[in-house]
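# Structural description and commentary
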Amino acid sequence: MRLDRFICKSTELTKAEAIMQIHGGTVQVINPLNSTVKTNTILDESFQVHENNSILLHGKCLLLRPFRYILMHKPRHTLSSNADEGYPSLFNQLIVDRVSELHIAGRLDADTTGMVLITDDGRWTYNITRPSKQCKKVYRVGLAYGIADDAGDALISKFAQGIQLQGESQLTLPANLEILTEQEVLLTITQGKYHQVKRMFAAVGNRVLTLHREKIGEVQLDVELGQWRYLTTSEVQSFY
């Protein structure tokens, strides 16, 4: 974690105030090293601090506030951003302190509904969003054109092999397609490319009419539209 972010998350200082303290030489980082303790005054706000470091401000050891992990049922016509831009930010739905410290672990388009996970823990987000972590996201997709009975198996196989998206040099990672009806499917992916689900179906000659994310990892969406809750400890740990 960056030093300025650590200070913001362990004090009431703004980012600008934290940087001012760092540049003023009031911040020290203690690093255990070979059974000795080495203390450095750090003047660089981007300096990376780690779990085994102790951070001192004016000689007082700082402690991080607990991280927060939130599940929300995103409505249509809301933005996965921290600011209103044409549509309102979904953060307007949250009644919590220090909303500006939070971010979304895997955004959804403005017209997409369903589960978003919100946190202030960047390392946790990494486990959800990095394709190498193989975190599964399940989408319920409404299609413009029906899938013929004799085309279903071939389409399932095509998604499992990977789809060639327009403008991309490589196939998407393997995806699991489950056909529910002619015009409704469940799609499970482990990537988060720009408009990926819509582009995947466009690549096979179809068009997405409705898109809803109902599951991430082992966590199922279980709150009403526009509502939110904190994740349980076991749900948080499931992403590690």
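Let us look at the structure shown here. All values reported here derive from a predicted model rather than from experimental measurement.

### Description of the pattern of salt bridges
Any two side chains of opposite charge can pair, given that their charged atoms come close. This model, assessed by the stated rule, comprises 17 salt bridges. In this structure, Glu214 and Arg140 form a salt bridge, with 3.0 Å as the shortest nitrogen-oxygen distance. Taken as a pair, Glu214 in strand β11 (residues 208–216) and Arg140 in strand β8 (residues 137–143) lie far apart in primary sequence, 74 residues in all. Note on Arg140: relative accessible area 28%, which makes it partly exposed. Connected via shared salt-bridge partners are Lys9, Glu12, Arg65, Arg68, Arg98, Glu101 and Asp120.

### Details of the environment of Asp84
Looking at the element boundaries, Asp84 is found in the loop between β5 (69–74) and β6 (103–104). The sequence separation of Asp84 and Gln28 amounts to 56 residues, and the corresponding C-alpha distance is 38 Å. In contact with Asp84, other than residues within four places in its own chain, are Ser89 and Asn92. One polar contact links Asp84 to Asn92, side chain to side chain, over a distance of 3.1 Å.

### What about the nonpolar core?
Core analysis: the largest hydrophobic core is formed by 29 residues, its most contacted members being Ile118, Val141, Phe159, Leu187, Val197 and Phe201. Once residues within four sequence positions are removed from consideration, Val141 is found in contact with Gln183, Glu184, Val185, Leu187, Val197, Phe201, Val208, Thr210 and Leu211. In terms of nonpolar packing, the next biggest core, distinct from the first, is built from 15 residues, Ala105, Met115, Val223 and Val236 among them.

### A look at the environment of Cys61
For Cys61, the location among the structural elements is in strand β4 (residues 60–61). Spatially, the C-alpha atom of Cys61 lies 37 Å from that of Met115, the residues being 54 residues apart in sequence. Sequence-distant contacts of Cys61, defined by excluding residues within four places in its chain, comprise Ser54, Ile55 and Leu56.

Rules and cut-offs
Residues numbered from 1 in each chain as written. Predicted model: local features only at pLDDT ≥ 70, side-chain atom pairs only at ≥ 80, totals over all residues. Heavy atoms only, no water. Salt bridge = Lys/Arg side-chain N within 4 Å of Asp/Glu carboxyl O. Helix = DSSP H or I, 4+ residues; strand = E, 2+ residues; numbered from the N terminus. Buried < 20%, exposed > 50% of the residue type's maximum accessible area, 1.4 Å probe, protein only. Contact = heavy atoms within 4.5 Å. Polar contact = N/O pair within 3.5 Å; in protein donor to acceptor, adjacent residues only side chain to side chain. Core = buried A, V, L, I, M, F, W, Y, C linked by side-chain atoms within 4.5 Å.

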